[in-house]
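# Structural overview for review
What follows is each chain in one-letter form.
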4 protein chains.
Amino acid sequence: MRATQDGRSAVRVPLLDHGYIELIETWGSDQRIIESARMSTGKGFLGWGLLAVYICRRCNKEIPKEEVYEAEGGGSGHTGCWSIVDVNSKPGDEKLLRYLWENQHATPFEFGGMVVEVKAPIMVFREWHRHRSQGFNEASARYAPLPDENYVPAVERCMAGGGHLTKQATAASGAQALTEPDALAWLAELADVYEHAERVYQSGLRRGVPKELARLPVPVGRYSKMRATTNLRMWLAFATLRTTAKNPAAQWEIRQYADAVGELLAEHFPRTYAVFAEGRK
Amino acid sequence: MRATQDGRSAVRVPLLDHGYIELIETWGSDQRIIESARMSTGKGFLGWGLLAVYICRRCNKEIPKEEVYEAEGGGSGHTGCWSIVDVNSKPGDEKLLRYLWENQHATPFEFGGMVVEVKAPIMVFREWHRHRSQGFNEASARYAPLPDENYVPAVERCMAGGGHLTKQATAASGAQALTEPDALAWLAELADVYEHAERVYQSGLRRGVPKELARLPVPVGRYSKMRATTNLRMWLAFATLRTTAKNPAAQWEIRQYADAVGELLAEHFPRTYAVFAEGRK
Amino acid sequence: MRATQDGRSAVRVPLLDHGYIELIETWGSDQRIIESARMSTGKGFLGWGLLAVYICRRCNKEIPKEEVYEAEGGGSGHTGCWSIVDVNSKPGDEKLLRYLWENQHATPFEFGGMVVEVKAPIMVFREWHRHRSQGFNEASARYAPLPDENYVPAVERCMAGGGHLTKQATAASGAQALTEPDALAWLAELADVYEHAERVYQSGLRRGVPKELARLPVPVGRYSKMRATTNLRMWLAFATLRTTAKNPAAQWEIRQYADAVGELLAEHFPRTYAVFAEGRK
Amino acid sequence: MRATQDGRSAVRVPLLDHGYIELIETWGSDQRIIESARMSTGKGFLGWGLLAVYICRRCNKEIPKEEVYEAEGGGSGHTGCWSIVDVNSKPGDEKLLRYLWENQHATPFEFGGMVVEVKAPIMVFREWHRHRSQGFNEASARYAPLPDENYVPAVERCMAGGGHLTKQATAASGAQALTEPDALAWLAELADVYEHAERVYQSGLRRGVPKELARLPVPVGRYSKMRATTNLRMWLAFATLRTTAKNPAAQWEIRQYADAVGELLAEHFPRTYAVFAEGRK
């Protein structure tokens, strides 16, 4: 994970030209998901990886681990029978995790979650806020003026259309084919508008126009900040619609953030994210 | 209700300089709310206004209307007793509606709802979309360029701070006191930014910049359109936080839309809206 | 659809031995879904089935229908060019409906919905209430005693395990193989418990035990009633998890209700339900 | 908090005759709520209790703490001015917490939450599951037979009607006044039904009736288990409708659980719970 350390001892992943995503907190774990799912049968979490199974040669049944003992002379037996016990193995709770995901048993995935802080252009937040299961608290220009930071895409980004040429990512119908000089010229024009908008924003604030109106010229390329929270089930729904791996048709800018969300999920819920990444059958 | 008729035989309420709200559809009714609430007792809807009550003078009990008959000689009686029946009255189901609202029995209010179409500045939509129980479908500049319509507030609006001078509605700290000439001057500056932003937006589109990037200079004062849907319970939550009557601290612009929403609710769910308007004890 | 008419001019679909589902109301339509989805491009609803396309032989471009006219001598032309126009056809908005569903553009499906009244065993309601997007109002034994109606499954239902022998639908481990005489014997025992529970319920009510406690002996096989409401998106989620066609592993009893829900949806949103039934790629 | 320690090193609060509530996990904190709310202004968390304020005697302005220094000779000054600084105090972020709660700024309270495990009668779960913002995973008799544990209320509970004599908590209309001998007699009858229901449940399981049907005789007084999770905002909504302090009209049984939930919230979010307990103006 690309990461920088700042004074708050938290990790910020820089994104675009001025943005970032920062992990504030996670709760739950892969194990908690299993525990919750197992409420249905009362069995609880059994373990990850291969689990040992003890089988009595005479009874031909599985023996609880607690009843197995090392017999004198190098063998093993179990209480109640004293016969020899074979050790075998069966798959651990990764198997249940995969079953839950593939069969849309979704509630156990509500038993984990994550809070992040995000700095991104308003344009990105406009898409992000469509994910209504998330709780948001965002900077408000009604309360405090937004700093003069604006998103200027790289020339390559303009030229490549975000890598995935959906209809939306391409030019308007009847447009010219974008050349690099034209892209550079337009980026200079964009910087001009940004500068002009900021000048009029400040002029309004200085003259005494209410802050909530003075913001009218602010462009959707302006950066804002927010915290976002939801449970793991809903972060996976976000990742389904916004990560490059799952939906390359999403806009390139929000995919940068969603991919970073995915890396955080993979770090804190590694088994769940692996199952999610593989996908349903 | 201020309203204009357009070709679609629907009613649009004009708002701000270019915006509107239009009723697309409602479902349910005040009566449906009562019916749903009465599932708990199985009694169903009884009626509005004063309800007749029939009481036997001898039994001193309430008699079902079906058993009451006009007696010969001008009196009335009831089957099973043949004694005289007095007619009295009791309050109708407005009483239950009030009780439900005051005691936070909220689910019956999910049995009605409304769909509207809204044209408003992006700035207003940014606040509106915080109401996460609503379903939204909005115009997208990724798909089709947004028309060049932008919100220019009236001078009076700038001067009056939206009528309710919360901290947010007032000027930034250290600002001058806004004068009318300054307000006019700033509105002219605002118009300039709008014009400049549109020029660069069009330049981007023409040169072949992807539509989804060409929109970066678009200001939050630009108009967009959407449809919004939710149930009555959640429209009332919206009205609680955004109408002038319930929350004058909300921004003046969104209050214009919320007040229009309130008028539509009052028209289609008159008894519920009356109870809501009076408020909880 | 199996249906009976009752006094309320509404249609009830009888289910199990004493249950039913009754349509109270729908809102929206297949067309509304398209209209909402088209907010993104501003184009609106175009039509179902094959749509006529007019192409000028000279311009080689699509001509708006309004500009096409019948030319003298039997041909056709269009204003601005006067050249001959060919009529072709393209698929209507079923195509967009399918695209929306397949690509998980889910919000347009929030622009329709349905309210139903349901009578079912408590056991079925316990599963149904897991669908948390729905609004419920149910009969409450705190308010009024529940009538003595209880679910007695048919012998065939007991024997067949609901047709789909998942682990859950089968017998407990170590159980005997169910024989028809045993099934009949057990159903008689079940009827005994029902009778005994009702006797003690009534005894508690008569003696003055608070209604909310007197209900403790009521079995989960007892019938209750409710109204349920949600939007089409969420009814389809319900149908995904509970109809026989989509999830035969759901319990047979709730599948009877979900299949009836599906028939109602198919009647009122036929194009949407057809796309849903075909499924995602 | 009444609490017992069990093998899992977790704390269980015993409730009713066989039930409990156990804290599994919390996330967030009072401070996190403030941090999230302050996204709007960018100021962050300032502190609890009285906060020191430094004011320069000459400038008459507030000085950032970092610029204040101890002057030689016992006084203090600040960089940039070298004039004497007075220390004063202002209320800490409890004030903002109260403001948020009183003015229904609800989203910051979504930045904390809690997971609990609950064992309670099905009757209690039927009410609990109406709180649809919570995620639930419950024991399922489709998967594993429910143990034979049933709720038998104390005589005092039967007699006292749960302390708060709402209509629902009282006897059915026309019932006798409950006497202690009658209460005792009925509790014995209840125990009989419980025993009978269990016998037929086991008979069904043994004979090979599908587990999902064999459960039909199970009474709503039977205990079940679940895990429940949601954010602090929604736990407070639960507490509003179900704790004794906020809603004594809720059924006595669920109030025991809600009061225990309240104690857990008070322990882990003490400042928030204090503000909640005081209530809105």
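Residues numbered from 1 in each chain as written. Chains lettered and ligands numbered in written order. Predicted model: local features only at pLDDT ≥ 70, side-chain atom pairs only at ≥ 80, totals over all residues.

Turning our eyes to something else, we now look at the relation of the copies chain B and chain A. Each copy of the sequence occupies a distinct position, and chain B is placed on chain A by a rotation of 180 degrees and an axial shift of 0.0 Å, giving an RMSD of 0.0 Å. The transformation just described matches what one would write down for a two-fold rotation axis. Among all C-alpha atoms of chain B, that of proline 219 of chain B lies closest to the rotation axis, at 1.9 Å. Same-surface contact between copies: 100% of interface residues of chain B are shared with the interface of chain A. (Least-squares fit on C-alpha atoms with pLDDT ≥ 70 in both. Contact = placed C-beta atoms within 7 Å.)

Moving on: the interface of chain B and chain A. The figure often quoted for interface size is the accessible area lost as the parts come together. At the junction of the two partners, chain B supplies 48 residues and chain A supplies 48 residues. Going through the elements one at a time, α3 (122–128), α5 (180–207) and α6 (211–214) of chain B are the ones with two or more residues in the side of chain B that touches chain A. At 14 residues, the largest contribution of residues to the side of chain B that touches chain A is made by α5 of chain B. (Helix = DSSP H or I, 4+ residues; strand = E, 2+ residues; numbered from the N terminus.)

What follows deals with the confidence of the model for chain A. All names here are of chain A. Scored by pLDDT, chain A has a mean of 91; 94% of the residues are at 70 or more. The model gives residues 1–9 a pLDDT under 50, and that stretch makes 11 contacts with residues more than four places away or in other chains. With a pTM of 0.93, the predicted complex shows an ipTM of 0.90. (pLDDT = per-residue confidence, 0-100.)

Below, the discussion takes up the packing of helix α2 (residues 94–102) of chain D against helix α9 (residues 270–278) of chain D. Two quantities define a packed helix pair, namely the angle between the axes and the distance from one axis to the other. Residue and element names in this part refer to chain D. Contact geometry of α2 with α9 gives a least axis separation of 10 Å together with a crossing angle of 45 degrees. Judged by the angle between their axes, α2 and α9 are oblique. Pair α2 / α9 crosses with right-handed handedness. Here Glu94, Leu97, Arg98 and Trp101 of α2 lie close against α9, whose contacting residues are Arg271, Thr272, Val275 and Phe276. Looking at the contact of α2 with α9, its residues break down into four nonpolar, one polar and three charged. (Axes fitted to C-alpha atoms, helices over the stretch in contact; angles between N-to-C directions. Parallel < 35°, antiparallel > 145°, perpendicular 65-115°, else oblique. Left-handed = near helix turned anticlockwise from the far one by under 90°. Nonpolar A, V, L, I, M, F, W, Y, C, P; charged D, E, K, R; others polar.)

The next point concerns helix α7 (residues 232–242) of chain C. Given 3.6 residues per helical turn, the α-helix brings residues three or four places apart onto the same face. All names here are of chain C. When α7 is considered as a whole, its buried residues turn out to be Leu232, Trp235, Leu236, Phe238, Ala239 and Arg242. Across the axial projection of α7, the buried residues extend over an arc of 155 degrees, all falling on one side. Tucked into the core, α7 has its buried residues touching β9 (113–121), β11 (223–231), α8 (252–268) and α9 (270–278). (Buried ≥ 20, exposed ≤ 12 C-beta atoms within 10 Å, placed from the backbone. Arc of directions from axis to C-beta.)

So, on to the sheet that holds strand β4 (residues 50–56) of chain A. All names here are of chain A. Ordered in space as β5-β4-β8, the three strands form an open sheet in which the pairing is antiparallel. The open sheet is flanked by β5 (62–63) and β8 (85–91), the only strands paired with a single partner. When β4 meets β5, the two strands line up antiparallel, connected through two bridges. Following the sheet pairing, isoleucine 55 is matched in β5 by glutamate 62. (Pairing = 2+ DSSP bridges.)

A word on unusual backbone geometry. Positioned with a positive phi, leucine 16 of chain A is a non-glycine residue whose angle comes to about 55 degrees. Tracing the backbone through its elements, the reader meets leucine 16 of chain A in the loop between β2 (11–15) and β3 (19–27). Backbone geometry at asparagine 60 of chain D places phi at a positive 65 degrees, although glycine is not the residue there. Locating asparagine 60 of chain D in the fold gives a position in the loop between β4 (50–56) and β5 (62–63). Using a count of 9 C-beta atoms within 10 Å as the deciding quantity, one classes asparagine 60 of chain D as exposed.

Residue and element names in this part refer to chain D. Side chains of strand β10 (residues 135–138) alternate between two faces, with Gly135 and Asn137 and Phe136 and Glu138 buried alike. Bridging between β10 and strand β11 (residues 223–231) involves four bridges; their strand directions are antiparallel. Across the sheet, phenylalanine 136 pairs through a bridge with alanine 228, a residue of β11.

With that settled, consider the nonpolar core. Ranked by size, the top nonpolar core spans 268 residues in total, and within it Val261 of chain A, Val261 of chain B, Val261 of chain C together with Val261 of chain D carry the most contacts. Look past the residues within four positions of valine 261 of chain A in its chain and what remains in contact with it is Ile21, Val116, Trp235, Phe238 and Ala239 of chain A. (Core = buried A, V, L, I, M, F, W, Y, C linked by C-beta atoms within 7 Å.)

A rise of 1.5 Å per residue sets the reference length of helix α8 (residues 252–268) of chain D, with its 17 residues, at 24 Å; its end C-alpha atoms lie 25 Å apart and thus fit the reference within 8%. Along α8 of chain D, 13 of the 17 residues are buried, which leaves the element largely enclosed by surrounding structure. (Expected span 1.5 Å × (residues − 1).)

So, about the sheet that holds strand β8 (residues 85–91) of chain C. Residues and elements named next belong to chain C. Taken together, the three strands give an open sheet; going across it, the order is β5-β4-β8, and neighbouring strands pair in antiparallel fashion. Looking at which strands have only one partner, the edges of the open sheet turn out to be β5 (62–63) and β8. Of the strand pairs in this sheet, strand β4 (residues 50–56) and β8 are connected by seven bridges, and their pairing is antiparallel. The partner of valine 53 across the bridge, within β8, is asparagine 88.

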